[in-house]
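Observations on the three-dimensional arrangement
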Amino acid sequence: MKTFRIGGIHPAENKFSAGQQIKTAALPKQAVIPLAHYIGTPSEAVVKRGDLVKVGQLIGQANGFISANVHSSVSGKVSKIDVQLDASGYKRPAVFIEVDGDDWLETIDRSRDIKRECALSKEEIIEKIKSAGIVGLGGATFPAHVKLMPPPGKKAGVLIINAVECESYLTCDHQLMMEHGEEILIGVTILMKALQVERAIIGVENNKKDAIHHLKKLAANLKGIEVEALKVRYPQGGEKQLIDALIRRQVPSGKIPVEVGAVVQNVATTYAIYEAVQKNKPMIDRVMTITGKDAPNPGNYRVRLGTYLSSVVEEAGGVPAGTGKIVGGGPMMGRSLMNLNIPMAKGSSGVVFLRDEESIRKPVQNCIRCTKCVTVCPMGLEPYLLMAQSERNMWPEMEADRVMDCIECGSCSYTCPSNRPLLDYIRFGKSTVGGIIRSRTAK
Amino acid sequence: MEKLIISPAPHIHSGDSVSKNMTGVIIAMIPALLASLYFFGLGALIVTLTAVAACMLFELLIQKYILKGPVTILDGSAAVTGILLAFNLPSNLPIWMIIVGALVAIGVAKMSFGGLGNNPFNPALVGRVFLLISFPVDMTTWPVVAPLTMNYLDAETGATVLGILKEGSASLPAIKDMVIGNIPGSIGEVSAIALLIGLAYMLFRKIITWHIPVSILLTVALFAGILYAVDPETYASPLVHLFSGGLMLGAIFMATDYVTSPMTFRGMWIYGVGIGLLTVIIRTWGAYPEGVSFAILIMNGFTPLINFYVKPKRFGEKPNKA
Amino acid sequence: MLPDLDQIVFIKAMNVVLISLLTLGVIGAVAAMILFVVAKKFHVFEDPRIDEVEAALPAANCGGCGFPGCRGFADACVKSDELGDLFCPVGGNDTMAKVAAILGKTAVVQAQKVAVVRCDGTCEHRPRLNEYDGVKHCFIAHNLYSGETNCSWGCLGFGDCEISCEFDAIKVNPETMIPEVDDAKCTACGACVRACPKLLIELRKKGPKGKRIYVGCRNEDKGHITKKACDVGCIGCAKCFKVCPHEAITVANSLAFINDDICKLCRKCVEVCPTNAIKEINFPPRKPKVEPVAETIEA
C-alpha cells in the first residue's frame, strides 16, 4: 500500500465520531462572520449596520488575489461591523448579524436532487468558485480558485483529492464521503474540467475502508477518476506528502505542487465546489467534528459559519468534565482555544476535548540525540538542530538547514522522548527567517 | 481544570520517554546478562551489581552535591552505563577497580560534560579503556568458562580468541562455541546469540534502527573476508572476527548509544563503516588484540563532524520520475 | 689512557644536552624569523585612537549604541566626521565627553534615559483567564496567541526582557508577573526594548532625580474592551489630554501618550486619570493639601 517516503508517525486514531450521521446544527441567534482567514488579506465589508441580509448574500468582498469572498450564512439584520477575538486572542474584523428567520437567496438551489450535468466553461467554473468564496477546508483556508489558476507556463497533469484526514479524532471528511460521495465525484469532474486534466486520484487512508469501497463503486463508471487506499500515516494530508504518496513525485523546496504537475484539493472543498457550481450555494456552512475521549456525543455537525462554537458544543452535549484543553482542529496541528466564544470560521474542522492529564506537557529533559525527530520528519529536516539554532538566534544557519521547508506537522515534538518543545522553537525560527527572507527580497 | 490550557501544537504526545528507552535497552541486555551469569557464575553477578550500583551512586552524588540540580538516576541511563561497563570487564576483576571504572565513566566521561545527552564519548567505554590502560594485566586476564561457578577472584583464567590469534599460542575454539559464548572473555561479550536476541528486541521496539549494527558487522565481515581471501594463513576468517571479542557487544549496544552516534542514516553508515574498518585494522595490525572499544571511541570523536557535514535526505531532493 | 666509565657517561650525557639545546635553539630561531616576517608582511594599520576610545568606553559590549560591541562603536567614532548621533547610552554624557576630547570632536549632549515598562497589568489588575503551557518565553507565547489575559497588548510575563538585560536591571516580579526596572542599574542600552515582542518597553528621559511620568499602558482597543480586560488600562478618555497645560499629551487609537520632551512633570494628568493608568515615579508622597483638588476632579 502506498504512502509517502520520508518520515511520518502513527498517532492513536481515536476516531470516536466515525460513522455518526451528519447532524444539522440549530440556527444561531446571532452570527458573527469573520472577514479574515488565517491566510490571505481580510475581505472588505460591503454591508453596513442596519442592512437586511439573506442567506448567501455577499457581505465581504475579496481584497486582492489571495483573498476570498465572504457570504452571509444567515438571514437577518446587520447589527454591527466590529472586531471579534479569533482563536489566537487577537481582534479580527467581523460582521455581526442578528438572525431573523431563514430566508435564502432565490438563486440558490436548495433541493436535495443531485445535479450531474455541468455545461459551464473552464473560466465560468473558476469564476463561480471564486465568487462563492470557497477556500481550502483542510485547515489552511487557502482560496480554492487560486490553485485552479496555475502560474503561466505551468500545466497541471493530475488532480489529487485529499481525502486522507490523517489527523486523529477528526471524522468530518470521512462522513461527508459516506453521505455525499456522488456529489463529491461530480465536484471532482468539475475540477478536472476547470484544470483541463484527464486524471484525478482520490487518496483515502486505509482506516476508512467503507469510504474507499463506497467511492470506488461510485467511480467505477467515471473516466479518469481513481480511488487509492493509502497506508495510515501522519502527516499524509500534507499536500507535498500526499503528492509523493500518490504519484511518487516530490515537490522541490520552496515550490508549489503544480511544479510537479499536480493540483491538490481537499475532499470537503470539492463538495463545496459542487454546491457552488451546481447549486449556486456559496460557502456558508461546513461539516465539523465535535469529539473527545469523554465527549458525551461525539459526532459530525453541519454548522453555519459565524455560529459561536459554544452553541454548537452545547448542542453536542457540552464540554465534558475534566477537560483541560479544547483544541480547534485536529490535535496535531490545531490551535488550543482560550474559550468557546469564537465564531465558526471556514477552516474550523473540529473541536476536540482533551482530558486534564493529556493537556499538560511533561517536563523537558536533555536532548539524548536519539535521532527520532530526524527519523520522523516528513521533510527530511533535523528538528533537534533547528531548535538549538532557534534558541541561539542562528537565523542564517537555520535558513541553510532549510527551516522554511518545515510544514509544522508536529511529528518531531510528538515523538521526542525528552518532551522537548521542538516545534515551538522551530515555528518561531521559521517566522523570523521568513521575515528576514521577505525583507531581503523586498530590497 | 479551572483554566483552559493553551499551548502550541501538537497537543498530543507519543508517550515515549527517556526512561522507557533506557528500560528497553536494559531488557535487551537481559539475555546477554543471563548468559554471562551461566558461563561465569558468581563473578559475573558481583561485577555487574557493583558496576550498576557504583554508576547510579556516583550519578546521584554528583547530581545532588556537585551540580545541585535535579536528580535523574531513575531514568535508567546510569544503570545502562553500569551494565555496559560490567559487560566489558572480566568476571574476576576486583571490586575496587570496578568502582574506579564507574567513577571515570560517570564522573569524567558523562557528568563533567553536562550529564545525559552532552557526553561526546560513550561513558562505559571510557571507563573500560581507562581501566584497560591503567590495569592492563587485570583487564586482560580472562576467566575460562565454568558454568555457574562460585569462584570469583580466584577463577581459572585462559586466553581469548583474539589473544590466541595475536599470540598464536593455541588452537581456536569452534565457531559454535563462539556463537553460544562458551569462550573466555568479558562478561557480556561472549555470547553472540544472546546479544543478537537483544538486537532483535531493540529493533522490534524501535529503540534503535538497524543502520549502525548492520553497517559495522557488514564492514567487518567484508574487510576481514577480503584479508582472509588474500592470505588465509596470516589472517583470521571473517566468522572468527564476527563472533569473537567485543564486536557484537560493541556493534549492538555500545556503538548504538544515542548520544554519541550520528543523527542521520547516511551518517550512521559512515560511522558504522568507520568502526568496522578501524576494528579490523587494530585487531590485525595493532598492539592490542581487541580494537572495538578504541574504534568506537575514535568514531565517537568524529560524530560531531559527521553531523555537521552529513544531512538527511531532504524532501524534494530525489529525482522525480516523469 | 682509557677514560673511566663515569667519564664516558658524562660525555654522552653532555652530548644529549648539547644536541637538545641546539635543536631547540634552531627551531626557536626559525620560528621567530617566520613570525617576524609574517607580522611585518601582514601588518594592518589601525588607528591608535580606536584603542584609546575603546579604553574610555564602559566595555559592556551591550550593543546599545547600535554597533557590535564597544570596539565597533570606537571604530565608528574615529571614522565619522562628527559624533552627531553616535552615543553610548551606558556611559552617558561623561563618556561621550571623554571620547570627544580624545578625538577633538564635539559630543552632542543627550538627556539620560531609562527603560520604562508600559504595562501594569498585574495579576490583581488583570485576571489570568487561561494557562499557558508552552515554552516559557515571551517570543514563543507571542508567536502563538495574545496571552493569558483578555488584554492582547499587555505583558506576557515570561521575562524575555530579564534574559536580555546584561546589567541585571530589569526583573520580573514573581508576584505581579510584571517586569520592574532598577533605575540605578539601567543603562538605557535598549536590549529589553528589542526583546519585548509586545513592544511594551520604551526608553524615556530619566528626568530630574529620576522623576518621570508615563502612560503605563499600550492597549489600543476601545475603552470598553480595555476596561473589561484590565483595571489599570488606558481607555482613551482624553481627560489627561484636556488637563495638560503644556500640550504634552496626545491621544490616538484610544491610547494616551506623554511626550517626555515637553512634559514638565506637573502631575495634573496623574490626578485626573480615572483608571490610574498614568504612572509617576520617584516623586515625593503628595502633600495632604493637594488631595482635595484631586477629589473635586474625581467627583
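In this text, all values refer to a predicted model and were calculated from it rather than measured experimentally.

1. A short note on the environment of Leu217(B)
All names here are of chain B.
- Along the polypeptide, leucine 217 turns up in helix H10 (residues 211–230).
- In the structure, leucine 217 is positioned 161 residues away from methionine 56 in sequence and 31 Å away in space, judged by C-alpha atoms.
- Once you skip the residues sitting within four places of it in the chain, leucine 217 turns out to touch Leu242, Leu247, Met248 and Ala251.

2. What about the domain arrangement of chain A?
Residue and element names in this part refer to chain A.
- Split by domain assignment, chain A resolves into domain 1 (1–24 + 105–360), domain 2 (25–99) and domain 3 (372–442).
- A straight line from the C-alpha centre of domain 1 to that of domain 3 covers 27 Å.
- The partner domain 3 presents 14 residues to the 16 residues of domain 1 that form the contact.
- Each partner contributes to the roughly 1,100 Å² buried at the junction of domain 1 and domain 3, and carbon and sulfur atoms together form 61% of this total.
- Remark: the boundary between domain 1 and domain 3 carries four residue pairs in polar contact (both at pLDDT 80 or more).
- Split by residue class, the side of domain 1 that touches domain 3 holds nine nonpolar, six polar and one charged.

3. Remarks on the pairing of strand E7 (residues 76–85) of chain A
Residue and element names in this part refer to chain A.
- Across two bridges, the pairing between strand E4 (residues 52–53) and E7 is antiparallel. Opposite leucine 52, over in E7, you have lysine 77 as the bridge partner.
- Examined bridge by bridge, E7 and strand E8 (residues 91–99) share nine bridges and lie antiparallel to one another. Looking at E8, one finds that lysine 77 is bridged to glutamate 98.
- Linking two consecutive strands that pair antiparallel, namely E7 and E8, is a turn of five residues; a positive phi of about 85 degrees is found at glycine 89 within it.

4. A few points about the interface of chain B and chain C
- At the junction of the two partners, chain B supplies six residues and chain C supplies nine residues.
- Overall, the association of chain B and chain C removes approximately 680 Å² of surface from exposure, summing both partners, and the carbon and sulfur fraction of that is 70%.
- Ranking the residues of chain B by area buried against chain C places Lys3(B), Ile6(B) and Pro8(B) at the top, with a combined share of 69%.
- Our count for the chain B to chain C interface comes out at zero salt bridges.

5. Points about the sheet that holds strand E12 (residues 262–266) of chain A
All names here are of chain A.
- Sheet architecture is open: four strands sit in the order E11-E10-E9-E12, paired in parallel fashion. Where the open sheet ends on each side, the last strands, each with one partner, are strand E11 (225–230) and E12. The mean inter-strand angle of the sheet, taken between neighbouring strand axes irrespective of direction, is 25 degrees.
- Note that strand E10 (residues 200–205) and E11 share six bridges and pair parallel. Across the sheet, residue glutamate 205 finds its bridge partner in E11, namely leucine 230.

6. Focus: the side chain of Ser77(B)
All names here are of chain B.
- Among the secondary structure elements, serine 77 is positioned in helix H3 (residues 77–87).
- Reaching out from serine 77, the side chain makes a polar contact with the side chain of lysine 110 at a distance of 3.0 Å.
- Aside from chain neighbours lying at most four places away, what touches serine 77 is Met22, Glu59, Lys110 and Leu116.

7. Digging into the sheet that holds strand E2 (residues 30–34) of chain A
- If you walk across this open sheet you meet the four strands as E2-E8-E7-E4 (chain A), and the pairing is antiparallel. Two strands lie at the open edges of the sheet, namely E2 and E4 of chain A, each paired on one side alone.

8. A few points about the interface of chain A and chain B
- Chain A puts 64 residues into the contact, and the matching count from chain B is 44 residues.
- Carbon and sulfur atoms supply 55% of the area that chain A and chain B bury against each other, a total of about 4,600 Å² over both sides.
- The tally of links between chain A and chain B comes to 23 residue pairs in polar contact (both at pLDDT 80 or more).
- Among the elements of the structure, helix H5 (239–247), strand E15 (323–328), strand E16 (335–336), helix H8 (356–359), helix H9 (372–376), helix H10 (383–391), helix H12 (411–415) and helix H13 (422–442) of chain A are those that each provide at least two residues to the side of chain A that touches chain B.
- The element contributing the most residues to the side of chain A that touches chain B is E15(A), with five residues.

9. Describing the packing of aromatic side chains
- Summed over all chains, the structure comprises 14 aromatic pairs over all chains.
- When the ring of Tyr38(B) is compared with that of Phe39(B), the centres are 5.2 Å apart and the planes differ by 70 degrees; the resulting orientation is edge-to-face.
- Seen from their ring centres, Tyr132(C) and Phe158(C) are 5.2 Å apart, and the 40 degrees between their planes marks the pair as tilted. You can see Tyr132(C) sitting in strand E2 (residues 130–132) and its partner Phe158(C) sitting in the loop between helix H5 (138–144) and helix H6 (160–164), a full 26 residues away along the chain.

10. Considering unusual backbone geometry
- Note the cis peptide between Tyr234(A) and Pro235(A), where omega equals -5 degrees.
- Tracing the backbone through its elements, the reader meets Pro235(A) in the loop between E11 and H5.
- With an omega dihedral of 0 degrees, the bond running from Ala9(B) to Pro10(B) counts as a cis peptide bond.
- Residue position: Pro10(B) is located in the loop between strand E1 (4–6) and helix H1 (18–40).
- One non-glycine residue, Glu247(C), lies in positive phi territory at about 55 degrees.

11. Considering helix H6 (residues 267–279) of chain A
Residues and elements named next belong to chain A.
- Compared with an ideal rise of 1.5 Å per residue, which puts 13 residues at 18 Å, H6 spans 17 Å between its outermost C-alpha atoms and is within 8% of the ideal.
- Burial analysis of H6 places 13 of its 13 residues in the buried class, which makes it a mostly covered element.
- For H6, the N-terminal capping position is held by asparagine 266, with its side-chain oxygen 2.6 Å away from the main-chain nitrogen of alanine 268.
- The first or second residue beyond H6 is asparagine 280, which carries a positive phi of 60 degrees.

12. Thoughts on the environment of Asp94(C)
- Assignment of secondary structure puts Asp94(C) in helix H4 (residues 92–103).
- Along the backbone, Asp94(C) and Ala107(C) are 13 residues apart, and their C-alpha atoms lie at a distance of 9.8 Å.

13. A short note on the pattern of salt bridges
Residues and elements named next belong to chain A.
- Evaluated as defined, the whole model comprises 43 salt bridges over all chains.
- With its nearest N and O atoms 3.0 Å apart, the salt bridge here joins aspartate 294 to arginine 355. You can see aspartate 294 sitting in the loop between strand E13 (285–292) and strand E14 (299–304) and its partner arginine 355 sitting in strand E17 (residues 350–355), a full 61 residues away along the chain.
- Overall, aspartate 294 belongs to the partly exposed group, its relative accessible area being 35%.

14. Some thoughts on H4(C)
Residue and element names in this part refer to chain C.
- Counted at 1.5 Å a residue, the expected span for H4 with its 12 residues is 16 Å, and the 17 Å between its end C-alpha atoms agrees.
- Of the residues making up H4, those classed as buried are Gly92, Thr95, Met96, Val99, Ala100 and Leu103. For H4, the angular spread of the buried residues around the axis is 140 degrees, confining them to a single face. Residues of H4 that are exposed and angled more than 90 degrees away from the buried face: Asp94, Lys98 and Ala101.
- Elements in contact with the buried residues of H4: helix H2 (48–56) and helix H3 (69–79).
- Note on H4: the residue one or two positions beyond its end, glycine 104, has a positive phi of about 70 degrees.

Calculation rules
- Residues numbered from 1 in each chain as written.
- Chains lettered and ligands numbered in written order.
- Predicted model: local features only at pLDDT ≥ 70, side-chain atom pairs only at ≥ 80, totals over all residues.
- Heavy atoms only, no water.
- Helix = DSSP H or I, 4+ residues; strand = E, 2+ residues; numbered from the N terminus.
- Contact = heavy atoms within 4.5 Å.
- Domains from an automatic or database assignment.
- Buried area = accessible area lost by both parts, 1.4 Å probe.
- Polar contact = N/O pair within 3.5 Å; in protein donor to acceptor, adjacent residues only side chain to side chain.
- Nonpolar A, V, L, I, M, F, W, Y, C, P; charged D, E, K, R; others polar.
- Pairing = 2+ DSSP bridges.
- Salt bridge = Lys/Arg side-chain N within 4 Å of Asp/Glu carboxyl O.
- Axes fitted to C-alpha atoms, helices over the stretch in contact; angles between N-to-C directions.
- Phe/Tyr/Trp six-rings, centres within 6.5 Å; stacked < 30°, edge-to-face > 60°.
- Expected span 1.5 Å × (residues − 1).
- Buried < 20%, exposed > 50% of the residue type's maximum accessible area, 1.4 Å probe, protein only.
- Arc of directions from axis to C-beta.

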